[in-house]
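The lines below spell out each chain.
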Amino acid sequence: MRKLRLMLLIPAMLCLLIQPIQLSGDTPVASFETEQLTFCLSDSLLRFDGFFMFSNLSPKELNQYIYFPIISDSVQLPFSHADVVDLESGESIFANQYEGGIGFHLWMPPQSNQTIGIRYQQKLTDKKAKYILLTANEWKRALPYAEYKVILPRGTDILHFPFSEQEPELVEDKDLYRWEFYDFIPQEDFYISWE
Amino acid sequence: MTRYLLIVIFMIATALVANPLPSILVQQIYFDANEDLIMQLGYLCASFAGGTLTVSDGTNTASYTILEDDFQNYPVDVNLSTLMPDLNVCCESGYLSFDNMNPYDLEEVRWGYNDDCDVTPLTGSQSIYQYYDSRHNGWESYTVKTWAKSDSPDNVQDYCCNTHATVHVYIENNQSEPVEGAKIFYMDDLNLCCLTDAAGNATIQLGARNTLLSVKAPDASGDALCWDRFFLEPNQVLELSATIDYSSVDDSVIPEAGAALMLKPSVLRPGNTMLVEYGKALESKADLNLYDIKGRFIRTVNYREALSYDTQGLSSGIYFLRLMQGTRILATKKFILLR
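Heads up: these notes are all about the structure in this document.

Conventions we followed
- Residues numbered from 1 in each chain as written.
- Chains lettered and ligands numbered in written order.
- Predicted model: local features only at pLDDT ≥ 70, side-chain atom pairs only at ≥ 80, totals over all residues.
- Helix = DSSP H or I, 4+ residues; strand = E, 2+ residues; numbered from the N terminus.
- Buried ≥ 20, exposed ≤ 12 C-beta atoms within 10 Å, placed from the backbone.
- Core = buried A, V, L, I, M, F, W, Y, C linked by C-beta atoms within 7 Å.
- Domains from an automatic or database assignment.
- Pairing = 2+ DSSP bridges.
- Axes fitted to C-alpha atoms, helices over the stretch in contact; angles between N-to-C directions.

All names here are of chain B. By secondary structure assignment, the location of Leu122 is in the loop between strand E7 (106-111) and strand E8 (127-136). In this structure Leu122 comes out as partly exposed when scored by C-beta crowding, with 17 C-beta atoms within 10 Å. For Leu122 and Gly200, which are 78 residues apart along the polypeptide, the C-alpha to C-alpha distance reads 34 Å.

Printed below as a string of structure tokens:
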């Protein structure tokens, strides 16, 4: 074994270069850090406001295409427009609009974080709304923080809570429900219905 | 059964998903029994349905339209040899680029370039596949997408690394004595990967991929010794050794294991306070240093026992608290300030 090591040592020393640690050229991928979503609901409209924080902890800049599907079906009718904003700079981000969602480029300098705001609204044909959470698990780790707010007209009875049942807080004549999770691994999708 | 469950899950996701997805489109490449080059798309093709994937070898290009139902039938095998009759990649030199509809989202694999997306020629039934790989930058782990080799296309699924190699490293000093505590780094990990033991040995499990290893003396003095890039084959066991100019071991630079820095909560709003507690009693005081996401020092406070840490004056973003005694790092923990 020792002899083998010595044999390996000679060519290894020939190949060894005394130099600083080299950086990899691999393509970094954003880390999904937090989401803070607000669903403002009425009998005929869903207004969605979402803050999504990403980080790029790698020593390289990151340019990643993010596809953000938006539900459209017979209950949640197709959205007409979605705003995507870089909340660090306040600038709008160009988003390609597809039939089932939007796509945009997330550009991040090395070792940086960025919060993206996404806003859209959809007409509702029934008193219920859905939002898929399970795909958050595709980021290969627990989401460090997630906050979900639901705002409904005052006195609205919720038939199905998206998370644990709770009493509303009265804010500006509306009922506000709020849930927050740390190291969140969603087990099911967001679904709410009311009457 | 698992396959059907996955298909169902992703069918639902196609229709309903409402969270961002990271983008890898090409899952793997391999030669089939007819020596045709096959490009395989995984479930993330759902994100690109209806889009066009342009494949280029530098001379020839061809386009493939990603169908709506590709996602439901994943993995989707596309015969590149048929799609590109003049395809000019022999897996000894050249490259293939995969350009989806998004101009900055290029995926590329190379042969013979000795860089990070270089893979050595495929042999037998091997394939090359793309997956998410975790790295560290000294503060926190992050993710990159990268290429590796598999023994068989059938062993690859869902963009996960499923092939590994083992590297045994032996480090000795100029007097041919084994060096304990030498630091072995790999790729762009600026964080400690592992230390050599008292016999000068370290064993590292790595993906079967293009690899760069380097070693530093226990006190981190001097330049790093680096092995040139080499490609690890699936299940390979590789023995490496090196000599570093180092004679004494300084225990003070070896990180202390077994104690963690706890932050409660670790995600909070600017101006709020959090509880900071080190999981081990300290005999002397330590410094609790605050750094921003770029690793820039912001401020320090003394730490002796659990304390309430004020985030006043900090803006939204990602920060790190590092507990240190002199130059000795006890623990580092990330926290997030919300908007």
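That covers the picture; the talk isn't over yet.
It is worth spelling out the nonpolar core at this point. Counting residues in each nonpolar core, the largest one holds 62 residues, and the members touching the most others are Ala30, Phe39, Leu41, Phe54 and Val150 of chain A together with Leu323 and Ile336 of chain B. Of all the elements, strand E12 (residues 143-153) of chain A adds the most residues to this core, at seven residues. For this core, the domains that each give at least three residues are domain 1 (2-155) and domain 3 (261-337) of chain B.

Further remarks concern the pairing of strand E22 (residues 286-292) of chain B. Residue and element names in this part refer to chain B. Examined bridge by bridge, E22 and strand E23 (residues 297-303) share six bridges and lie antiparallel to one another. Looking across to E23, one finds that Leu290 is bridged to Arg299. Examined bridge by bridge, E22 and strand E25 (residues 317-325) share six bridges and lie antiparallel to one another. Its bridge partner being in E25, Leu290 is matched across the sheet by Leu321.

With glycine set apart, most residues show a phi of negative sign, and most peptide bonds adopt trans. The amide bond that connects Lys264 of chain B to the next residue, Pro265 of chain B, takes the cis arrangement and shows omega of -10°. Along the chain, Pro265 of chain B turns up in the loop between strand E19 (261-264) and strand E20 (267-268). A positive phi angle is found at Asp183 of chain A, which is not glycine, with a value near 45°. For Asp183 of chain A, the location among the structural elements is in strand E15 (residues 174-184).

Residue and element names in this part refer to chain B. One open sheet accounts for four strands, arranged E4-E3-E6-E7; its pairing is antiparallel. The sheet terminates laterally at strand E4 (61-65) and E7, the two strands that pair on one side only. Between one strand and the next, the sheet's axes are offset by a mean angle of 15°, whatever the strand orientation.

Interpretation in functional terms is not warranted from these geometric data alone.
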